[in-house]
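Here are the chains, one letter per residue:
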Amino acid sequence: MTAAKIRLYVEHPLGAGQSVPLKRDQAHYLFGVMRLGIGAQVLLFNGQDGEWLADVSETGKRGGALRCNRQTRPLQLPPDLWLMFAPIKKARTDFIVEKAAEMGAGRICPVQTEFTNSERIRQDRLQAHAIEAAEQCGGTYVPEVAEMQKLDRVLSAWDTTRRIMFCDEALAGPSSALSGVLGTDGAPWAILIGPEGGFSTAERKRLAALPHAHAISLGPRILRADTAAVAAMTLWQQTLGDWR
Ligand code: SAH
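Because the structure is predicted, anything quoted here is derived from the model rather than measured.

A. Representation of the overall build of the protein in the model. From N to C terminus, the protein includes seven helices and twelve strands. Counting only C-alpha atoms and orienting by the principal axes, one finds that the protein spans roughly 60 × 35 × 30 Å. By the burial criterion, 49% of the 244 residues in the protein qualify as buried. In the form shown here, the protein has an accessible surface area of approximately 12300 Å², with 50% of it arising from carbon and sulfur atoms. Charge-centre separation for the protein: the mean point of 28 positive side chains lies 4 Å from the mean point of 26 negative side chains.

Structure follows, in structure tokens:
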């Protein structure tokens, strides 16, 4: 392989001449699956030092090493946007995490609402999905996937300088008047998406009482939670984020 195509996220400092040891699964992927040899080029990022062109300096079945050459892109942080969502079925939850990383969420927060069906998530697996998505989409940053927390607790401990874009299916209708709600004062935001069962009356009441939460509609049709997450991130990115 001549042109560097493979992008790999590593948990290691990157810099000119820096040697980067490979973990077993990374070595398996690069040498076993992609059949790279000594001198082959790989792009590396670690969420802090931008993207670096590196070449293979050592191969092995269980490990190996790469050596950093030069920086190919600076670190590009996503906007300060969190995606909070109630986990749904496994494949759809995986989809939400993958899309959140691609769309530029800074942090992904699974929350347990009253009607959330799953009580547990595999946080490590979801984090791996976010890493893969960042590798694939050319991002230089990987959003953290937080442990699942009860929505109630999350709202009690909330830093009120961060606004909540509360996607409320009860408002489904033609007018979202979104730009009026979002404003442009640079405040950090979190999007909140409910589960298949939607939000309970108590949750809706609680959110309505929070001055930093703003209920919005995502149009006249009720979207599935995974569609709603992508639609909401699109609207936010278009209005306030790094798509402008
Ligand atoms: N079962 C619920 C729908 C849940 S849809 C019902 O029939 O009412 C899952 C989540 O997607 C919702 O909780 C909400 O956060 C979001 N969502 C879907 N469609 C929406 C819309 N038109 N407006 C605002 N939010 C929406």
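Read on, since the account is not over.
B. Just the layout of surface pockets, in detail. What the largest pocket holds in volume is close to 550 Å³. Forming the boundary of the largest pocket are 19 residues, of which Leu 8, Tyr 9, Gln 26, Ile 131 and Glu 135 lie nearest the centre. Listed by contribution, the elements that provide at least two residues to the lining of the largest pocket are β1 (7-9), α1 (24-33) and α3 (123-137). Counting residues per element, the lining of the largest pocket draws most heavily on α3, at five residues.

C. Quick look at the site of the ligand. By nearness alone, 20 residues border the ligand, and Cys 167, Glu 169, Glu 196, Leu 218 and Leu 223 come closest of all. Contact distances for the ligand include 2.7 Å between an oxygen atom and a side-chain N or O atom of Glu 169. Within the backbone of Leu 218, an N or O atom sits 2.8 Å from a nitrogen atom of the ligand. When the free accessible area of the ligand is taken as 560 Å², the share hidden by the protein chains comes to 84%. Split into classes, the residues belonging to the shell around the ligand amount to eleven nonpolar, five polar and four charged.

D. Expanded view of the pairing of strand β7 (residues 107-112). In terms of burial, β7 is a largely internal element, five of the six residues being buried. Across four bridges, strand β6 (residues 81-85) lies against β7 in parallel orientation. Opposite Leu 83, over in β7, you have Ile 108 as the bridge partner. On the question of chirality, the crossover connecting β6 to the parallel β7 by way of helix α2 (residues 90-103) is right-handed. Pairing analysis gives two bridges linking β7 to strand β8 (residues 144-145), with the strands arranged parallel.

E. Expanded view of the pattern of salt bridges. Summed over all chains, the structure comprises 14 salt bridges. Between Glu 51 and Arg 7 there is a salt bridge whose closest N-O contact spans 2.8 Å. Within this pair, whereas Glu 51 is found in strand β4 (residues 51-59), its partner Arg 7 is found in strand β1, the two being separated by 44 residues in sequence. Across the pair, Arg 7 and Glu 51 agree in class, each one buried. When the shortest N-O distance is used, the salt bridge between Asp 80 and Arg 162 registers 2.9 Å. Highlighted residues: Asp 80 in the loop between β5 (64-73) and β6 and Arg 162 in the loop between α4 (151-156) and β10 (163-167), separated in sequence by 82 residues. Among the residues examined, Asp 80 registers a relative accessible area of 42% and is labelled partly exposed.

F. Representation of the sheet that holds strand β3 (residues 41-45). Ordered by their spatial adjacency, five strands build an open sheet running β1-β3-β4-β5-β2, and the pairing between neighbours is mixed. Strands at the two margins of the open sheet, each flanked by one partner only, are β1 and β2 (19-21). Each strand of the sheet is rotated relative to its neighbour by a mean of 40°, with strand direction disregarded. Packing of α1 onto the sheet brings it into contact with β1, β2, β3, β4 and β5, and relative to β1 it is tilted by some 170°. Seen against the sheet, α3 touches β1 and β3 and runs at an angle of roughly 145° to β1.

G. Fine view of the nonpolar core. The biggest cluster of nonpolar side chains holds 37 residues, and the ones touching the most others in it are Leu 83, Met 165, Ile 191, Ile 193, Met 233 and Trp 236. At the level of elements, β6, α2, α3, β10, α5 (178-182), β11 (189-193) and α7 (225-239) are the ones that each hand at least two residues to this core. For Met 165, the contacting residues outside a window of four places in its chain are Leu 178, Leu 182, Trp 189, Ala 190, Ile 191, Leu 192, His 214, Ile 216, Ala 232, Leu 235 and Trp 236. Within the second largest apolar cluster, 18 residues are counted, among which are Ile 6, Leu 22, Ala 40 and Cys 68.

H. A look at unusual backbone geometry. Backbone geometry at Arg 35 places phi at a positive 55°, although glycine is not the residue there. Inspection of the secondary structure assignment puts Arg 35 in the loop between α1 and β3. Arg 35 sits in the exposed class, given a relative accessible area of 65%.

Calculation criteria
- Residues numbered from 1 in each chain as written.
- Predicted model: local features only at pLDDT ≥ 70, side-chain atom pairs only at ≥ 80, totals over all residues.
- Heavy atoms only, no water.
- Helix = DSSP H or I, 4+ residues; strand = E, 2+ residues; numbered from the N terminus.
- Buried < 20%, exposed > 50% of the residue type's maximum accessible area, 1.4 Å probe, protein only.
- Areas by Shrake-Rupley, 256 points an atom, 1.4 Å probe, with all protein chains shown as cover.
- Lys, Arg positive; Asp, Glu negative; His and termini not counted.
- Charge placed at Lys NZ, Arg CZ, Asp CG, Glu CD.
- 1 Å grid on protein atoms, 1.4 Å probe; cavity = no way out; pocket = protein on both sides within 12 Å on 5 of 7 lines; lining within 4 Å.
- Points joined across faces, edges and corners; volume = space filled by probe spheres on them.
- Near = heavy atom within 4 Å.
- Polar contact = N/O pair within 3.5 Å; in protein donor to acceptor, adjacent residues only side chain to side chain.
- Nonpolar A, V, L, I, M, F, W, Y, C, P; charged D, E, K, R; others polar.
- Pairing = 2+ DSSP bridges.
- Right-handed = clockwise from strand over helix to strand, strands pointing away.
- Salt bridge = Lys/Arg side-chain N within 4 Å of Asp/Glu carboxyl O.
- Axes fitted to C-alpha atoms, helices over the stretch in contact; angles between N-to-C directions.
- Contact = heavy atoms within 4.5 Å.
- Core = buried A, V, L, I, M, F, W, Y, C linked by side-chain atoms within 4.5 Å.

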